[in-house]
Amino acid sequence: PQLFADAAVRAQAAGFDGVELHMAHAYTLSSMLSRLNKRRDHYGGSLENRLRLPLMTLAAVKERVGDYPVGLRFDADESIRRGYSTDDASAFAERFAAGGADYISLSAGGKFEDAVPTPGKPLYPYTGYSGDRCMPGDNSPDAANIWMARTVRRSLRDAGYNTPVLGTGKIGTLELAEEGLRNGSCDIIGMARGLLADPYMPTKHQQGRAEEIVRCIYCNVCKALDESFNTVTCYLWPKGATQAPRPEDVGGPPMGWPGPA
């Protein structure tokens, strides 16, 4: 826990607006929360034991950084055989809210347990079914994981906690984001691939230039590049680009860019 606290203090000193403790996917604290945690000491087995180290970590960070935003991200569904789903996730969320988490960010899957082995390469936890659930591709419905956030958020509210809940998983447009907020599925929207494709999406919306947004098509070329340990780029960027082109000033040329490479 103190290593997390040390890192949070460094982030605070560097001027970041807050920190998020990553307890999702294949990270160590996610493995502690997992139903597949096989430890036989007081860090494994029961739900209370599986929560012990994550709660100690949250407490250590909060103690060191004081009045400073500390969010927390974990899987709402492990998406692996014999893993936990939203029942455990709801219990986790209540305990983290009671422990002072400023928001709860919910993901899914991304586990080593069902990773597809590739000869000569380390396991990549975003393969297999849990990898597909973590980063739903073009064959999945939009907002594929939002039901998980809605379920956990409802449990939190029923328990009397108003801690904001962040939902994510193939939410790539402003319209989808607003729908999730409007229908009470979550309080904050998490977006990754949509903003990789076009980091200037929010700016374009604010400037009334939504028609110039380059929309993610969820082909998951970025995921495949990361899986093969190559530089992550977007299929929709101009050929050879290693980052999205910068938009022009308002009134200048269109902010979009050429089609796929």
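It should be emphasised that the depicted structure is a prediction, and the values quoted were computed from it without experimental measurement.

Draft legend 1. Geometry of the sheet that holds strand β2 (residues 70-77). Sheet architecture is open: five strands sit in the order β1-β2-β3-β4-β5, paired in parallel fashion. The open sheet terminates on both sides in strands that have one partner only, identified here as β1 (19-23) and β5 (188-189). Summarising the sheet, β1 and β2 pair through five bridges and their orientation is parallel. Bridged to Leu21 within β2 is Leu72. Contacts from helix α3 (residues 47-65) reach β1 and β2, with the element oriented near 165° to β2.

Draft legend 2. Representation of helix α4 (residues 86-98) within the structure. The terminal C-alpha atoms of α4 lie 18 Å apart, and with 13 residues this matches the ideal 18 Å at 1.5 Å per residue to within 8%. Looking only at α4, the buried set comprises Thr86, Asp88, Ala89, Ser90, Phe92, Ala93, Phe96 and Ala97. Buried residues along α4 sit against β1, α2 (28-33), α3, β2, β3 (103-108) and α6 (146-158). Count one or two residues on from α4 and you reach Gly100, which has phi positive near 100°.

Draft legend 3. The packing of aromatic side chains, seen in detail. Enumeration over the complete set of coordinates arrives at four aromatic pairs. Ring geometry for Phe74 against Phe92: centres 6.1 Å apart, planes inclined by 75°, an arrangement best described as edge-to-face. You can see Phe74 sitting in strand β2 and its partner Phe92 sitting in helix α4, a full 18 residues away along the chain. Just as Phe74 is buried, Phe92 falls in that class too. Between Tyr124 and Tyr126, the aromatic rings sit 5.3 Å apart at their centres with planes inclined by 70°, giving edge-to-face as the arrangement. Overall, Tyr126 belongs to the buried group, its relative accessible area being 13%. Ring pairing ties together the aromatic residues Phe74, Tyr84, Phe92 and Phe96, which thus form one cluster.

Draft legend 4. Region of interest: the packing of α3 against α4. In the contact formed by α3 and α4, the axes pass within 11 Å of each other and the chain directions differ by 35°. Taken as a pair, α3 and α4 cross one another with a handedness that is right-handed. Contact with α3, carried on its side by Leu47, Glu48, Arg50, Leu51, Pro54, Leu55 and Leu58, involves Asp88, Ala91, Phe92, Arg95 and Phe96 of α4 and no other residues of that element.

Basis of the calculations
- Residues numbered from 1 in each chain as written.
- Predicted model: local features only at pLDDT ≥ 70, side-chain atom pairs only at ≥ 80, totals over all residues.
- Heavy atoms only, no water.
- Pairing = 2+ DSSP bridges.
- Helix = DSSP H or I, 4+ residues; strand = E, 2+ residues; numbered from the N terminus.
- Contact = heavy atoms within 4.5 Å.
- Axes fitted to C-alpha atoms, helices over the stretch in contact; angles between N-to-C directions.
- Expected span 1.5 Å × (residues − 1).
- Buried < 20%, exposed > 50% of the residue type's maximum accessible area, 1.4 Å probe, protein only.
- Phe/Tyr/Trp six-rings, centres within 6.5 Å; stacked < 30°, edge-to-face > 60°.
- Left-handed = near helix turned anticlockwise from the far one by under 90°.

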